[in-house]
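# Chain and residue survey
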Amino acid sequence: MATVCPVAPLHHGDNTSRLKITSVKTLAESSNLTSIPSGYTFSASTSDDQAVHSGHDDSIPVIDFSLFSSSNPDRRSKVVSDLAKACRDWGFFMVINHGVPESQMKAMFDMLTGFFDLTEEEKREFEGKHVLDPIRCGTSFNASVDKVFFWRDFLKVRVHPKFHSPTKPEGFSDVSAEYSGAVRKLVRGLLKGISESLGLEPGYIDEEMNMESSLQILTANLYPPCPQPELAMGMPPHSDHGLLTILMQNGIGGLQVHHGGKWVKIDPIPNAFLVNTGDHLEIMSNGKYKSVLHRAVVNNKATRISISVSNGPSADTVVIPAEQLVDGKNNRAMYIGMKYKDYLELQQSSVLDGKSGLDRVKK
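About the criteria used
- Along each chain, the written sequence defines residue order, and numbers are assigned to residues from 1.
- Confidence filtering applies because this is a predicted model: local features only for residues at pLDDT of at least 70, side-chain atom pairs given and counted only at 80 or more, and all residues used for totals across whole chains, interfaces and linings.
- Excluding hydrogens and water, the side-chain figures rest on all heavy atoms present in the structure.
- For helices the rule is a DSSP run of H or I covering at least 4 residues; for strands it is a run of E covering at least 2, with both sets numbered from the N terminus onward.
- Under the scheme applied here, a residue whose accessible area is under 20% of the maximum for its type counts as buried, over 50% as exposed, and between as partly exposed, the area being computed with a 1.4 Å probe on protein chains only.
- Whether two strands pair comes down to DSSP finding at least two bridges between them.
- pLDDT gives the predictor's per-residue confidence on a scale running from 0 to 100.
- By the convention used here, residues are in contact when the closest approach between their heavy atoms is within 4.5 Å.
- Salt bridges are counted wherever a side-chain nitrogen of Lys or Arg sits within 4 Å of a carboxyl oxygen of Asp or Glu.
- For Phe, Tyr and Trp, where Trp contributes only its six-membered ring, two rings pair if their centres lie within 6.5 Å, and the inter-plane angle classes them as stacked under 30 degrees, edge-to-face over 60, or tilted in between.
- Exposure above 30% relative accessible area and the absence of a salt bridge qualify a residue for a patch, where like charges join within 9 Å and nonpolar side chains (Val, Leu, Ile, Met, Phe, Trp, Tyr) within 5 Å.
- Throughout, the Shrake-Rupley method with a 1.4 Å probe supplies accessible areas, and for residues the shown protein chains are the sole cover considered.
- For this count, His and the chain ends are skipped, Lys and Arg are scored as positive, and Asp and Glu as negative.
- Positions of charges follow a simple convention, taking NZ of Lys, CZ of Arg, CG of Asp or CD of Glu.

## Thoughts on unusual backbone geometry
Here the bond from histidine 160 into proline 161 is cis, since omega is 10°, no more than 30 degrees from zero. Structurally, proline 161 can be placed in the loop between strand E5 (153–160) and helix H5 (172–197). Following lysine 168, the chain continues to proline 169 via a peptide bond in cis, the omega torsion being -10°. Its place among the elements puts proline 169 in the loop between E5 and H5. Notably, asparagine 97 is not glycine yet its phi reads approximately 50°, a positive angle. Its place among the elements puts asparagine 97 in the loop between strand E3 (92–96) and helix H3 (102–116).

## Section: the pairing of E5
Along E5, seven of the eight residues are buried, which leaves the element largely enclosed by surrounding structure. Sheet analysis places strand E4 (residues 135–139) next to E5, joined by five bridges and oriented antiparallel. Bridged to isoleucine 135 within E5 is valine 157. Relative to strand E6 (residues 216–223), E5 runs antiparallel, the two being bridged by seven bridges. Considered in E6, the bridge of leucine 155 is made with alanine 220.

## Some details on the confidence of the model for the protein
Averaged over every residue, the pLDDT of the protein is 88; the share at 70 or more is 87%. Counting interchain partners and residues more than four positions distant, the pLDDT-below-50 stretch residues 44–48 has two contacts.

## Side note on the environment of alanine 28
By secondary structure assignment, the location of alanine 28 is in helix H1 (residues 24–28). Placed 198 residues apart in sequence, alanine 28 and cysteine 226 show a C-alpha to C-alpha distance of 6.7 Å.

## Section: the pattern of salt bridges
Taken as a whole, this structure holds 14 salt bridges when the rule is applied. Linking arginine 88 and aspartate 89 is a salt bridge whose minimum nitrogen-to-oxygen distance equals 3.3 Å. For aspartate 89, a relative accessible area of 33% translates into the label partly exposed. One salt bridge in this structure joins glutamate 122 and lysine 168, with 3.7 Å as the shortest N-O distance.

## Looking at the packing of aromatic side chains
Evaluation of the coordinates by the stated rule reveals six aromatic pairs. Look at phenylalanine 65 and phenylalanine 68: their rings are 5.7 Å apart centre to centre, the planes differ by 55°, and that puts the pair in the tilted class. Residue phenylalanine 68 is classed as buried on the basis of its relative accessible area of 11%. When the centroid spacing of 5.9 Å and the interplanar angle of 75° are considered together, the rings of phenylalanine 115 and phenylalanine 116 count as edge-to-face. Take phenylalanine 115 and phenylalanine 116: they sit in the same class, and that class is buried.

## What to know about a negative patch on the surface
Taken together, Glu201, Glu207, Glu208 and Glu323 make up a surface patch of like negative charges. Locating glutamate 207 in the fold gives a position in helix H6 (residues 204–208).

This is the structure in structure tokens:
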């Protein structure tokens with residue numbers, strides 16, 4: 001059977017109807033694929049952009065979530081201080097003893113592996129038409145505007161405040177409801193610590209961001225083996241919308257975080273969650289905690305699956321800097337207000353490019 005090759009993305013001015021783009025999984029499984037199609041060539045050379053491992057003197061922060069409930073005030077104070085340093089210096093950290101059972105994490109991986117193993121026709125049922133549709137699967141980031149395709153298939157599901165789920169594979173709904181609920185509990189606990197670390201009341205972010213109605217999106221990313229990984233990109237450098245993103249992966253590396261002017265390879269502790277600060281935490285903290293640039297690279301040997309859960313304020317919340325962190329002299333508000341759903345639509349409808357979404361709300 002002939003391989004269906006992707007077509008180059010059309011520009012907005014094109015009136016020609018788009019051809020159907022195959023998934024990267026189908027492309028990668030083609031027996032005669034020895035090089036990537038030109039539409040996936042991200043860079044001719046990455047020799048000047050090589051990633052490094054974090055050093056012992058500047059290692060990736062690890063936060064022990066169980067210490068937030070410690071009866072020892074010194075231990076609790078220490079973990080709040082550690083969290084502040086992680087948000088300020090890295091915008092990224094690992095969380096251990098987070099309370100989400102390993103069995104739940106594995107069940108979520110199994111379900112999403114099952115989803116990506118569905119036929120192209122079955123997955124097409126969940127394509128979605130709009131970037132804010134509650135269930136959407138596809139390839140690249142936004143294939144209608146991407147100038148270069150990314151070596152990535154995805155599934156995005158809105159799981160809160162209204163829960164959605166694909167109907168296949170069987171059992172997906174129960175597993176994702178349980179998993180996303182556990183992650184939501186973890187996030188609200190972390191946000192209390194972050195509030196305290198900013199000198200705010202513990203419940204400040206939870207209340208001001210209306211986290212009871214938090215817009216939570218579960219995203220699964222599939223990065224199949226790529227015959228020319230040095231030319232392709234799984235996801236380009238970008239920051240995330242929302243407050244915190246919680247991520248886990250299947251043991252295959254590929255996540256890199258920009259820190260200290262370099263790209264740092266992330267090798268997570270088994271069963272730990274990877275957490276990064278989002279654009280709306282940067283806005284709310286008036287720039288004290290920056291959202292972090294990160295990217296996903298691919299390899300030619302093994303399939304990487306990552307599962308991220310973005311946790312934002314409610315869709316209608318207008319996010320502005322906390323008034324306690326703003327004064328008329330040295331700490332003026334650095335960002336204008338925008339409804340979260342409007343920001344999300346703006347970012348998801350555009351070419352993914354660094355922190356370009358955040359740049360649009362800077363004063």
